[in-house]
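Secondary and tertiary structure notes
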Amino acid sequence: MCANVPMVKAIRRFTVRTVLPSNIAPLGKLAGNLRWSWHLPTARLFHDIDPEAWQASGNDPVQFLGSVTREQLEQLAANELLVTRIQELGEDLERYLSEPRWYQSLGDDAPRSIAYFSPEYGISAVLPQYSGGLGILAGDHLKAASDLGVPLVGVGLLYQAGYFKQSLSRDAWQQETYPVLDPDGLPLTLLRDDDGSAATVVLPLPNGRELRAHIWRADVGRVPLLLLDSNVAGNDEAARNVTDRLYGGGGDQRLQQELLLGMGGVKALRIFQRLTDTPAPEVFHTNEGHAGFLGIERIRELMDPSNENPMSWEEALTAGRASTVFTTHTPVPAGIDRFERAQIQHFFDAGLAPSVPTERVLELGAENYDGGDSAKFNMAVMGLRLAQRANGVAQLHGEVSREMFSGLWPGFDAREVPISSVTNGVHVPTWVDPLIADFAQENFGAESVLDPQWARVYDVEDADIWRLRRIMRSNLIDDVRSRLRASWKKRGAADAELAWTDNVLDPDVLTIGFARRVPTYKRLTLMLRDADRLKALLLHPTNPIQLVIAGKSHPADEQGKRMIQDLVRFTDDPEVRHRIVFLPNYDIAMARTLFPGCDVWLNNPLRPLEACGTSGMKSAINGGLNLSVLDGWWDEMYDGDNGWAIPTANNGATADERDDIEAAALYDLIEEQVAPRFYGTIRAAAGAAGPSEPSTDGVPHQWVAMIKHTMAKLGPAVSAERMLQDYVRELYQPACRSGRLTRQDNYGAARATASWRSRIKDGWSAVQVEHVDSLGVSEDPQIGDSLTVNAYLSLGSLSPDDVRVEVAYGRASENDDLSEITVADLDVAEDLGRGRFLFSGKILIDHSGSFGYTVRILPRHESLASNAELGLVVNA
Ligand SMILES: *Cc1c(COP(=O)(O)O)cnc(C)c1O
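Owing to the predicted nature of the structure, the values given are computational and were not obtained by experimental measurement.

A count of helices and strands for the protein gives 26 helices and 29 strands. Against the globule reference of 29 Å for 876 residues, the protein gives a C-alpha radius of gyration of 30 Å, in line with a compact fold. Taken over 876 residues, the protein has a buried fraction of 56%. Put simply, 72% of the contacts in the protein that link residues at least 6 apart link residues at least 24 apart.

In structure tokens:
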């Protein structure tokens with residue numbers, strides 16, 4: 001009947017904000033601040049107000065409040081019990097937002113404000129602005145900063161469609177949809193200028209075009225997050241679409257996203273500072289290369305000719321670098337963001353940074369090292385050159401990064417490449433199941449999940465833990481069944497065909513989870529390597545396993561989609577489909593049930609290509625055990641009792657052989673170790689400490705012992721609070737000190753440092769070690785003898801104060817490689833005239849066997865954060 005009525009489209013859409021009666025007014029702030037997403041009492045309040053409406057809103061307080069009618073609000077305002085709870089939680093939030101926390105105990109030797117830039121943020125399912133681990137990590141970083149009182153301001157982009165939603169076709173091919181978000185329905189407020197108009201950032205583009213963006217503010221507890229949105233009036237169609245999707249498009253669109261994030265982001269921060277009267281950030285943290293242009297914008301600010309005393313490029317670079325921290329997240333060269341050099345030139349010639357010579361910008365991203373491509377502009381390389389301090393995200397990843405980027409510091413050993421590491425962590429209150437949170441509160445005497453006394457888990461009865469694990473497993477299974485049914489309906493199945501989904505998975509079977517993005521190196525389908533063996537494990541008569549799998553493939557990655565298809569086809573087989581499922585559309589909401597429900601978390605990347613990996617950490621804090629290749633975080637945290645290590649075959653095996661060997665090892669581990677322990681049928685080794693098995697009371701005590709050990713030991717180590725404290729102490733505070741140093745005397749110090757750097761670079765080619773000798777060793781040297789090392793140096797135009805002369809000594813191998821090295825400084829002993837100096841010092845022979853030493857010259861200055869910083873060294 002309505003077939004001929006045209007669809008009526010609104011020309012303008014408003015979201016009417018609810019007006020709340022005054023005694024329940026705090027609800028507005030409780031819904032608007034994302035703290036509810038990790039503050040259980042607040043989330044429970046929304047649930048208790050109207051459980052059905054809460055569920056219908058998708059657990060989204062903004063939608064929820066929008067759906068409540070006036071009558072319901074009036075009823076609520078008359079409900080004394082709820083009103084009291086609302087008021088108490090409102091007060092609790094105010095207290096949380098203002099009281100001194102850990103960071104406030106650090107005093108003045110800590111930055112007054114820190115800007116954190118990231119292309120994606122995974123904070124909550126209601127703000128889907130993330131694709132995977134990088135975004136989740138950024139979200140956890142902000143939340144932990146909030147809990148610790150770290151004065152962080154986040155900067156990012158607001159994507160109209162976020163990342164895609166995944167579903168499956170009948171033949172198991174990944175389908176992508178991009179539902180458009182309405183910012184007015186999100187927990188965001190528009191940043192407005194004093195006159196009420198939307199605050200606007202403007203970047204000039206080639207051909208006289210402009211890219212304009214508005215700034216949305218999200219409140220993540222105490223941390224404001226600024227998100228730039230180019231879908232605004234005044235932009236042409238192409239400019240409006242710059243922020244249409246996360247990592248959408250390629251080429252120019254991607255570049256414009258990154259220019260907006262980096263350069264526009266700094267401009268947005270400046271507007272925010274002005275409007276809120278908050279201090280300027282003293283440290284800028286670039287989370288991965290995408291945001292690297294922030295460094296150019298800061299240089300532009302310092303070189304601006306309208307400044308009273310504009311800086312030169314070198315001076316501005318010196319000042320900007322000192323207070324910048326860069327975190328690299330990929331050990332895969334193909335994962336690094338690169339543009340055509342010509343493309344960068346095209347955009348900067350349009351006047352993005354008028355006072356900055358484009359040639360200088362191009363040099364920052366140049367791959368002018370062995371194996372580099374001179375036509376490319378490399379965002380990670382620029383990130384490293386614009387930041388005085390850089391880090392990888394796990395110890396092993398730090399090592400791999402030092403190797404990978406060693407070309408930027410020629411003459412130095414990879415060990416000395418100035419890239420440190422801070423191992424990622426996960427925000428415990430977000431990722432711990434509410435049941436575990438309650439359990440911790442009851443059993444560990446914890447005031448809140450913020451401060452769980454994890455070690456007290458040892459005092460809890462095994463049977464209590466085992467019962468809790470079963471409940472969480474059952475909750476997951478309920479969720480799996482309804483998701484699987486929904487997925488099959490999307491794939492075209494009729495209800496009558498789907499009765500079997502009601503019996504998928506068994507709450508008493510060992511449940512193994514595997515969920516993550518699907519790039520090749522994560523090897524989603526390794527488990528299918530020997531399909532018959534997998535089948536046998538799933539259908540084992542006494543010790544069966546069941547698998548829950550999820551993951552999105554990048555839309556352009558055909559190989560990833562094929563892996564998903566192979567896997568789903570396997571799971572479709574009626575013989576095994578009750579024991580293995582693939583759930584489409586992996587996201588935060590799914591993850592929060594998945595981690596707690598799995599007994600074992602599986603991770604089998606190609607070592608060492610997983611930078612850190614955080615999903616195993618989320619499993620651990622819920623009492624899951626890890627079964628993983630020794631890569632990323634697991635390489636440093638596996639201790640033999642907190643899970644299992646899948647051995648790696650990296651001794652020259654081909655990729656195929658490697659998959660065969662590692663898959664076989666995985667099957668063996670599950671069959672011989674994991675499953676028997678779960679079912680309590682393993683026999684303890686003779687004389688082993690701990691409870692003996694087989695279990696007689698239905699509780700697998702050895703398994704529970706591993707759970708307790710995991711929670712007690714890994715809990716604190718994998719928390720984002722530990723991570724954030726590491727960042728503050730190891731990176732933010734040092735960067736703040738360096739930054740303050742450069743600002744002394746109205747940036748006079750930066751100017752002096754820059755001029756020193758230029759002098760050193762210009763004079764370095766004349767620096768030489770002419771001759772080294774040693775005195776004091778007898779024919780027959782012995783341990784405890786000391787030795788005087790004399791180095792005759794020619795320093796050209798440099799002075800002895802400009803250099804550090806090091807002697808490195810230790811055990812010498814036959815080809816003169818040193819090991820067990822000790823390093824000592826030599827001091828200037830004599831001015832030999834015409835730029836020549838004798839440096840000298842004593843070293844102690846501290847071991848027997850062959851002994852050797854060598855001498856090198858390095859630049860020396862109070863502004864340097866590491867020996868390799870300038871990439872200058874003269875070795876004897
Ligand atoms: C934790 C998480 C990730 C990242 O997992 P990795 O182990 O780092 O690959 C990705 N997506 C979601 C939804 C997550 O919760």
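Further remarks concern the UniProt feature "domain: DUF3417" (unreviewed entry) in the protein. The positions that UniProt labels "domain: DUF3417" (unreviewed entry) are, in the present scheme, residues 20–127. As annotated, residues 20–127 has a helix share of 53% and a strand share of 6%, and its two end C-alpha atoms lie 23 Å apart.

Turning next to the packing of aromatic side chains. Given two aromatic rings, their pairing is described by the distance between the two centres and the angle made by the two planes. One pass over the full model with this rule turns up 22 aromatic pairs. Relative to F348, the ring of F293 has its centre 5.8 Å away and its plane inclined at 45°; by these criteria the two rings are tilted. Of this pair, F293 sits in the loop between β11 (283–287) and α10 (294–303) while F348 sits in helix α12 (residues 341–349), and the two are 55 residues apart along the sequence. Across this residue pair, the class does not change: F293 and F348 are buried. An aromatic cluster is present here, built from W466, W644, F678, Y679 and W703 joined pairwise through their rings. Above the ring of W431, the side-chain terminus of K618 is found at 4.1 Å from the ring centroid.

Turning our eyes to something else, we now look at α10. A large share of α10 lies buried, amounting to ten of its ten residues. Looking at α10, one finds that the buried residues are L294, G295, I296, E297, R298, I299, R300, E301, L302 and M303.

Here the focus is the site of the ligand. Looking at the ligand, there are 15 residues lining it, with K522, Y586, T614, S615 and K618 nearest. A distance of 2.5 Å separates an oxygen atom of the ligand from a polar atom in the side chain of K618. Expressed as a share of its isolated accessible area of 390 Å², the protein-covered part of the ligand is 95%. Contributions of two or more residues to the shell around the ligand are made by α7 (133–148), α21 (588–597) and α22 (615–620). For the shell around the ligand, the element with the most residues is α21, which contributes three residues. Grouping the constituent residues of the shell around the ligand by class yields six nonpolar, five polar and four charged. Two domains each donate at least three residues to the shell around the ligand, and these are domain 2 (110–421) and domain 3 (506–682).

One can find T318 in helix α11 (residues 313–322). Overall, T318 belongs to the buried group, its relative accessible area being 6%. Residues contacting T318, with those up to four places away along its chain left out, are T742, A750, T753, A754 and R757.

The strand order β23-β24-β27-β26-β25-β28-β29 describes an open sheet built from seven strands, whose pairing is antiparallel. Looking at the sheet topology across the chains shown, the edges are occupied by β23 (768–775) and β29 (874–875). Inspection of the sheet shows strand β24 (residues 786–794) paired to strand β27 (residues 836–844) by nine bridges, in the antiparallel sense. Each bridged residue has a counterpart across the sheet, and for Y792 the counterpart in β27 is L838.

Another point: helix α5 (residues 70–77). Because each turn of an α-helix spans 3.6 residues, side chains separated by three or four positions in sequence point in the same direction. Taken residue by residue, α5 has L73, L76 and A77 as its buried positions. The arc that holds every buried residue of α5, seen down its axis, measures 100°, which confines them to one face. Every exposed residue of α5 that faces more than 90 degrees away from the buried side is listed here: E71 and Q75.

Here strand β25 (residues 803–812) runs beside strand β26 (residues 818–833); their pairing, made up of seven bridges, is antiparallel. Paired with V805 across the two strands is L826, which belongs to β26. What sits between β26 and β27 in their antiparallel hairpin is a turn of two residues, with R834 showing a positive phi close to 50°.

Our next topic: the environment of R743. Among the structural elements, R743 can be located in helix α26 (residues 720–763). The partly exposed category is assigned to R743, whose relative accessible area is 28%.

Another aspect to go through is the pattern of salt bridges. Applying the stated criterion across every chain, the model contains 59 salt bridges. Residues E363 and R360 are paired through a salt bridge, measuring 3.7 Å at the closest nitrogen-oxygen approach. With E363 and R360 both in helix α13 (residues 358–364), this residue pair falls three residues apart, about one helical turn. The partly exposed category is assigned to E363, whose relative accessible area is 41%. Residue classification places R360 among the partly exposed residues on the basis of a relative accessible area of 30%. Of the charged contacts, one joins R811 and E820 as a salt bridge, the two residues approaching to 2.9 Å between their closest N and O atoms. Judged by relative accessible area, R811 falls into the partly exposed class, the value being 30%.

What follows deals with the pairing of strand β8 (residues 200–204). Residue alternation in β8 divides its side chains into a buried set, V201 and L203, and an unburied set, T200, V202 and P204. The sheet contact formed by β8 and strand β9 (residues 210–220) spans five bridges and is antiparallel. Within β9, the residue paired with V201 across the bridge is A213. Here β8 hands over to β9 after five residues, with N207 in that stretch at a positive phi of 60°.

This paragraph deals with the environment of S758. Inspection of the secondary structure assignment puts S758 in helix α26. The exposure class assigned to S758 is partly exposed, which follows from its relative accessible area of 26%. Considering only alpha carbons, one finds S758 and V417, 341 residues apart in sequence, at a separation of 21 Å.

Below, the discussion takes up the sheet that holds strand β17 (residues 510–515). Strands sit in the order β19-β18-β17-β20-β21-β22 across an open sheet of six strands; the sheet is parallel. Sheet topology places β19 (580–583) and β22 (643–646) at the edges, where each strand pairs with a single neighbour. Pairwise comparison of adjacent strand axes, ignoring direction, gives a mean angle of 20° for this sheet. With four bridges connecting them, strand β18 (residues 545–550) and β19 associate as parallel partners. Counted as the bridge partner of L547 is I580 from β19. Relative to β18, helix α19 (residues 531–538) is tilted by about 120°, and along the sheet it contacts β18 and β19. Against the sheet, helix α25 (residues 701–717) engages β17, β20 (600–603), β21 (625–629) and β22, with an angle of about 80° to β21.

We now examine the nonpolar core. Counting 99 residues, the largest nonpolar core has L627 and W703 as its most contacted members. For this core, the domains that each give at least three residues are domain 2 (110–421) and domain 3 (506–682). What L627 contacts, discounting residues up to four positions off in sequence, is V600, W601, L602, N603, W644, I646, L666, L669, I670 and V674. Counting residues in each nonpolar core, the second largest holds 62 residues, with A53, L73, V126 and L142 among its members.

This part is about the UniProt feature "modified residue: N6-(pyridoxal phosphate)lysine" (unreviewed entry) in the protein. Under the present numbering, the feature "modified residue: N6-(pyridoxal phosphate)lysine" (unreviewed entry) in UniProt falls on K618. With residues up to four places along the chain from it excluded, the contact list for K618 reads I136, V426, W431 and F595.

What counts and how
Residues numbered from 1 in each chain as written. Predicted model: local features only at pLDDT ≥ 70, side-chain atom pairs only at ≥ 80, totals over all residues. Heavy atoms only, no water. Helix = DSSP H or I, 4+ residues; strand = E, 2+ residues; numbered from the N terminus. Rg over C-alpha atoms; globule rule 2.2 N^0.38 Å. Buried < 20%, exposed > 50% of the residue type's maximum accessible area, 1.4 Å probe, protein only. Contact = heavy atoms within 4.5 Å. UniProt positions renumbered as here; feature names shortened; annotations may be inferred. Phe/Tyr/Trp six-rings, centres within 6.5 Å; stacked < 30°, edge-to-face > 60°. Lys NZ or Arg CZ within 6 Å of the ring centre and 35° of its normal. Near = heavy atom within 4 Å. Polar contact = N/O pair within 3.5 Å; in protein donor to acceptor, adjacent residues only side chain to side chain. Areas by Shrake-Rupley, 256 points an atom, 1.4 Å probe, with all protein chains shown as cover. Nonpolar A, V, L, I, M, F, W, Y, C, P; charged D, E, K, R; others polar. Domains from an automatic or database assignment. Pairing = 2+ DSSP bridges. Arc of directions from axis to C-beta. Salt bridge = Lys/Arg side-chain N within 4 Å of Asp/Glu carboxyl O. Axes fitted to C-alpha atoms, helices over the stretch in contact; angles between N-to-C directions. Core = buried A, V, L, I, M, F, W, Y, C linked by side-chain atoms within 4.5 Å.

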